[in-house]
Amino acid sequence: IEIVPRQECKTIQVPRTESVPEQKCNQVPEQKCETKYEEKCHTEYEKECEIKYEKECSTTYEEECETVNEQVCDTVTETKTDYVTATECNLVTEEQCHDVP
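The following refers to the structure shown.

Calculation criteria
Within any chain, residue numbers begin from 1 and follow the written order of that chain's sequence. Note on the predicted model: pLDDT of at least 70 is required for a residue's local features to be given, and 80 or more for side-chain atom pairs to be given and counted; whole-chain, interface and lining totals, by contrast, use all residues. With hydrogens and water excluded, all non-hydrogen atoms of the structure serve as input to the side-chain values. By convention in this document, the label disulfide applies to cysteine sulfur atom pairs within 2.5 Å. A helix here means a DSSP run of H or I that spans at least four residues, while a strand means a run of E at least two residues long, and both kinds are numbered starting from the N terminus. Partly exposed residues are those whose accessible area sits between 20% and 50% of the maximum for their type, while under 20% is buried and over 50% is exposed, using a 1.4 Å probe and protein chains only. Every case where a carboxyl oxygen of Asp or Glu lies within 4 Å of a side-chain nitrogen of Lys or Arg is listed as a salt bridge.

## Notes on the state of the cysteines
Argument step 1. Overall, the coordinates contain three disulfides when judged by the stated rule.
Argument step 2. The residue that forms a disulfide with Cys9 is Cys89, at a sulfur-sulfur distance of 1.9 Å. Measuring the twist about the S-S bond at about 110°, one finds the Cys9-Cys89 disulfide to be right-handed. Of this pair, Cys9 sits in strand S1 (residues 2-48) while Cys89 is found in strand S2 (residues 50-96), placing the two residues 80 residues apart along the sequence.
Argument step 3. A relative accessible area of 45% means that Cys9 is categorised as partly exposed.
Argument step 4. Note on Cys89: relative accessible area 34%, which makes it partly exposed.
Argument step 5. Sulfur-sulfur distance for the disulfide between Cys33 and Cys65 comes to 2.1 Å. Judged by the sign of its S-S torsion, about 110°, the bond between Cys33 and Cys65 is right-handed. Within this pair, whereas Cys33 is found in strand S1, its partner Cys65 is found in strand S2, the two being separated by 32 residues in sequence.
Argument step 6. A residue is classified by how much of its surface remains accessible, and Cys33, at 43% relative accessible area, is partly exposed.

Quick look at the structure:
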């Protein structure tokens, strides 16, 4: 009796998984306002035997608004799995019998 090793191979599908971080961004409109004030003055004078000066002032407030787009980003990790072909081999031993005359 003789033991002969033999290699048997077969093709199999093996899953391969990888995680891919990806940054996703989008524009978010946001309204920004700013209050501005301005003092306006004018001087009046009148003459009635003596000169009289009078200064009148008023303060005006104005709110200015504008919409600006702000970029908001998140990092999203996606896990992708695909199948690749691999060869798997095993060593098989079998007994071979010879007829002895």
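## With respect to the pattern of salt bridges
Argument step 1. Scanning the entire structure with this criterion turns up five salt bridges.
Argument step 2. Glu64 is the salt-bridge partner of Lys36, the closest N and O atoms lying 3.2 Å from each other. Residue Lys36 is found in strand S1, and its partner Glu64 is found in strand S2; the two are separated by 28 residues along the sequence.
Argument step 3. In this structure Lys36 comes out as partly exposed when scored by relative accessible area, which is 38%.

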